[in-house]
Amino acid sequence: MVEEDMRSVNSQSTEHLVYSMTPREDTPYTPYEVDRLKRHLKFHFMTPCQKFKARKRKPWKLIVQILKIIIVTTQVFVFGMQRGNFVDFEQKTRLSLQHLLFKGWEPSYETMPYPAAIGRYALYKTTEIVDHLNYAMTNFNLTEKLAIGAYGFTEDQAGLRSKTATLTLVKFQVGEIFPNNVTYNLNPNLDKVSLTFNATKLENGTEVYDFQQVLRNNGQELSVNKLHSMELNFSLYGIHLKQGTNKVNVEPDCLLIKGKIKYDNSKHNGQMTVFMEIELVSKTCNDGSIFEEDTELETIALILLDSVVVVLCFLSTVTCVRSMKILNWKR
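All of these numbers come straight from a predicted model, not from anything done at the bench.

Student: Can you help me understand the confidence of the model for the protein in this one?
Tutor: Where the model shows low pLDDT, its predicted coordinates should not be examined in detail. Averaged over every residue, the pLDDT of the protein is 81; residues scoring 70 or more account for 82%. Taken as a whole, residues 1–6 scores under 50 in pLDDT and shows zero contacts with residues more than four places along the chain or in a different chain. Note on residues 8–24: pLDDT is under 50 here. Beyond four places in sequence and across chains, it has zero contacts.

Student: Explain the state of the cysteines to me, please; I cannot follow it from the model alone.
Tutor: By definition, a disulfide links the sulfur atoms of two cysteines through a covalent bond. For the structure shown, the criterion picks out one disulfide. In this model, Cys254 is linked to Cys285 through a disulfide, with the two sulfur atoms separated by 1.8 Å. Measuring handedness by torsion sign, the sulfur bridge of Cys254 and Cys285 sits at about 110° and is right-handed. With Cys254 in strand β8 (residues 253–264) and Cys285 in the loop between β9 (272–283) and α8 (293–330), this residue pair connects regions lying 31 residues apart in the sequence. Here Cys254 falls in the buried class, since its relative accessible area comes to 14%. Judged by its relative accessible area of 31%, Cys285 falls in the partly exposed class.

Student: Got a minute to help me understand the pattern of salt bridges in this structure?
Tutor: Side chains carrying opposite charge are able to pair once their charged atoms draw close together. Counting across every chain of the model gives two salt bridges. Between Asp88 and Lys92 there is a salt bridge; the shortest N-O distance is 2.9 Å. Residue Asp88 and its partner Lys92 are both found in helix α4 (residues 60–101); the two are separated by four residues, about one turn of the helix. Taking the relative accessible area as the measure of exposure, Asp88 reaches 38% and is therefore partly exposed. For Lys92, a relative accessible area of 46% translates into the label partly exposed. A salt bridge links Lys262 to Glu277; the nearest nitrogen and oxygen atoms lie 3.8 Å apart. Residue Lys262 is located in strand β8, and its partner Glu277 is located in strand β9; the two are separated by 15 residues in the primary sequence. What makes Glu277 partly exposed here is its relative accessible area of 37%.

Reading the values: rules and limits
- Residues numbered from 1 in each chain as written.
- Predicted model: local features only at pLDDT ≥ 70, side-chain atom pairs only at ≥ 80, totals over all residues.
- Heavy atoms only, no water.
- pLDDT = per-residue confidence, 0-100.
- Contact = heavy atoms within 4.5 Å.
- Disulfide = S-S within 2.5 Å.
- Helix = DSSP H or I, 4+ residues; strand = E, 2+ residues; numbered from the N terminus.
- Buried < 20%, exposed > 50% of the residue type's maximum accessible area, 1.4 Å probe, protein only.
- Salt bridge = Lys/Arg side-chain N within 4 Å of Asp/Glu carboxyl O.

This is the structure:
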């Protein structure tokens, strides 16, 4: 037993001697500074909960980040709701104008079942092209009377209400096809001709829209072999009432509706497809008021929400920069 104790003591003495003979690395820092730096680094890489337990230090950075996530998520949700309402208004506006301006339009064209219960909206006769354009312009002239939506005509350069539209013909420079003897003469380069689609006054004083007369007045003719496509461009004013649960609780949007009816004959397969595109452009309302206190409160709430987001993002940036500077100093 005594021999084992002596052997243990000799072993410890030998280990101590070897450790004491190990050369230390040269460092300009004192042991106190090294220990202090270790404690700083250990505290810097602690979690917010560990820092609170160690020094009772409140995790301000964590609180700022959590608040920022909550507020920014709320802002994104509000923006998504507003954008969704705007997109829905755009789609419903296009559908309402298609019902108003497209001859023979049916609700079945609005759905997308598979397989499709009905084909694409298209024209198959030259007489249908003329009738469709005349029908579209006649109903466009009566938009304010026929449409349920809040639509109004725009002003021309003279400041008068304009009920005209622009018709653009896109056609081949040369397009002659003779199926009888299977010959053709074709120049595939395209020319664009813009015509003003005005009403024609009859002898009895009534105004009618006549596509053929518009072509004759401008020295043009309807040649389906040369015709590549057509565009009927028009514009209207509209007001988007943002409806809440049971009342209008947000200030409406005044919009300029730029509509375009496209007649696509580019494939020359006997089917001229017709579709509409619209673009909504925000416009400053000339005058308007809503007699509701909730409207002002909601506007103030949105402004405060945006302000809080800006402040929290600024504080988050400051705290992150501060942490990076402290870490760089400790290096």
